[in-house]
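Tertiary structure, described
Listed below are the residues making up each chain.
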Amino acid sequence: DQQVKQNSPSLSVQEGRISILNCDYTNSMFDYFLWYKKYPAEGPTFLISISSIKDKNEDGRFTVFLNKSAKHLSLHIVPSQPGDSAVYFCAASAQGFGNEKLTFGTGTRLTIIP
Amino acid sequence: SQTIHQWPATLVQPVGSPLSLECTVEGTSNPNLYWYRQAAGRGLQLLFYSVGIGQISSEVPQNLSASRPQDRQFILSSKKLLLSDSGFYLCAWAADGETQYFGPGTRLLVL
């Protein structure tokens, strides 16, 4: 049972435009959500997180939106840059602040077209 | 600052051979430690996690085991590798109540 779903395996966006990556979850106990970026043959790098008490968190070009009623979160990257080309994973935790376990989605490969 | 190391970076092993992957963390004490596997074309699957020395929780039944002999050392082992053990293995750490941070990973190919 996939509790965190990223239904788009890939996404292509023109450089300078907005990239929107989506993630859906089924477990209503999840209360902390994260986005990671991963380059091939490297470990994931933490990008941004949001707790369930918020509906938006912003860090530079990255903004994460959380819609609890729809069990949906999204990552917006604006403007998109070539270095943003990577696989993006969303993750969720049901234990406050990801203390013990994260459940990951299957990832979305983002390609930024110059 | 904290750093996390994994080795080896790449490993090619025959079926039936043993496995030992090591992960160490620097710059923090009493971290939570995690082993994940990313199989080809799939997401990250949590294999084991540890909240302290000698404390290991297993997430999925499998051919692998984990140990934490020291506070900042986490080892992933197998007595006999299977073809299905091939994948990209990632170690991660977290301070209590904080985000997980990943190491560079080990690519394992079982032939």
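Analysis parameters
Residues numbered from 1 in each chain as written. Chains lettered and ligands numbered in written order. Predicted model: local features only at pLDDT ≥ 70, side-chain atom pairs only at ≥ 80, totals over all residues. Heavy atoms only, no water. Contact = heavy atoms within 4.5 Å. Salt bridge = Lys/Arg side-chain N within 4 Å of Asp/Glu carboxyl O. Polar contact = N/O pair within 3.5 Å; in protein donor to acceptor, adjacent residues only side chain to side chain. Helix = DSSP H or I, 4+ residues; strand = E, 2+ residues; numbered from the N terminus. Disulfide = S-S within 2.5 Å. Buried < 20%, exposed > 50% of the residue type's maximum accessible area, 1.4 Å probe, protein only. Phe/Tyr/Trp six-rings, centres within 6.5 Å; stacked < 30°, edge-to-face > 60°.

Moving on, we come to the interface of chain A and chain B. Taken together, the contacts link 19 residues of chain A with 24 residues of chain B. Linking chain A with chain B are one salt bridge, by the criterion used here. For Lys101(A), the salt bridge identified is with Glu59(B), shortest N-O distance 3.5 Å. There are four residue pairs in polar contact (both at pLDDT 80 or more) connecting chain A and chain B. Take the side of chain A that touches chain B: its biggest share by element is four residues, from strand β4 (residues 32-38) of chain A.

Taken as a whole and assessed by the stated rule, the structure comprises two disulfides over all chains. Across the disulfide, Cys23(A) is cross-linked to Cys90(A) (sulfur-sulfur distance 1.9 Å). With the S-S dihedral at roughly 65 degrees, the linkage between Cys23(A) and Cys90(A) falls on the right-handed side. Here Cys90(A) lies in strand β9 (residues 86-93) and Cys23(A) lies in strand β3 (residues 19-25), a separation of 67 residues in the sequence. For the pair formed by Cys23(A) and Cys90(A), the shared burial category is buried. Between the sulfur of Cys23(B) and that of Cys91(B) lies a disulfide, 2.0 Å long from S to S. Note on the Cys23(B) and Cys91(B) pair: the S-S dihedral is about -75 degrees, so by sign convention the disulfide is left-handed. Of the two residues, Cys23(B) is situated in strand β3 (residues 19-26) and Cys91(B) in strand β9 (residues 87-94); the sequence distance between them amounts to 68 residues. Under the relative-accessibility criterion, Cys91(B) is labelled buried at 0%.

Our focus in this paragraph is the packing of aromatic side chains. The tally for this structure, following the rule as stated, stands at 14 aromatic pairs over all chains. Arranged with centres 6.0 Å apart and planes meeting at 75 degrees, the rings of Phe104(A) and Phe102(B) form a pair that is edge-to-face. Here Phe104(A) is found in strand β10 (residues 103-104), whereas its partner Phe102(B) is found in strand β10 (residues 101-102) on a different chain. Measuring from ring centre to ring centre gives 5.6 Å for Trp93(B) and Tyr101(B), while their planes differ by 35 degrees; the resulting arrangement is tilted.

Another point: unusual backbone geometry. Trans peptide bonds make up the majority, and among non-glycine residues the majority have a negative phi. With an omega of -10 degrees, the peptide bond between Val78(A) and Pro79(A) qualifies as cis. Looking at the secondary structure, you find Pro79(A) in the loop between β8 (72-77) and β9. At the junction of Trp7(B) and Pro8(B), the peptide bond is cis and its omega measures out at 0 degrees in the coordinates. Among the structural elements, Pro8(B) can be located in the loop between β1 (3-7) and β2 (10-13). Unlike most non-glycine residues, Lys71(A) shows phi in positive territory, near 50 degrees. Mapped onto the fold, Lys71(A) is located in the loop between β7 (62-67) and β8. Phi is positive for Asn30(B), close to 50 degrees, though the residue is something other than glycine. Relative accessible area serves as the criterion here: at 46%, Asn30(B) is assigned to the partly exposed category.

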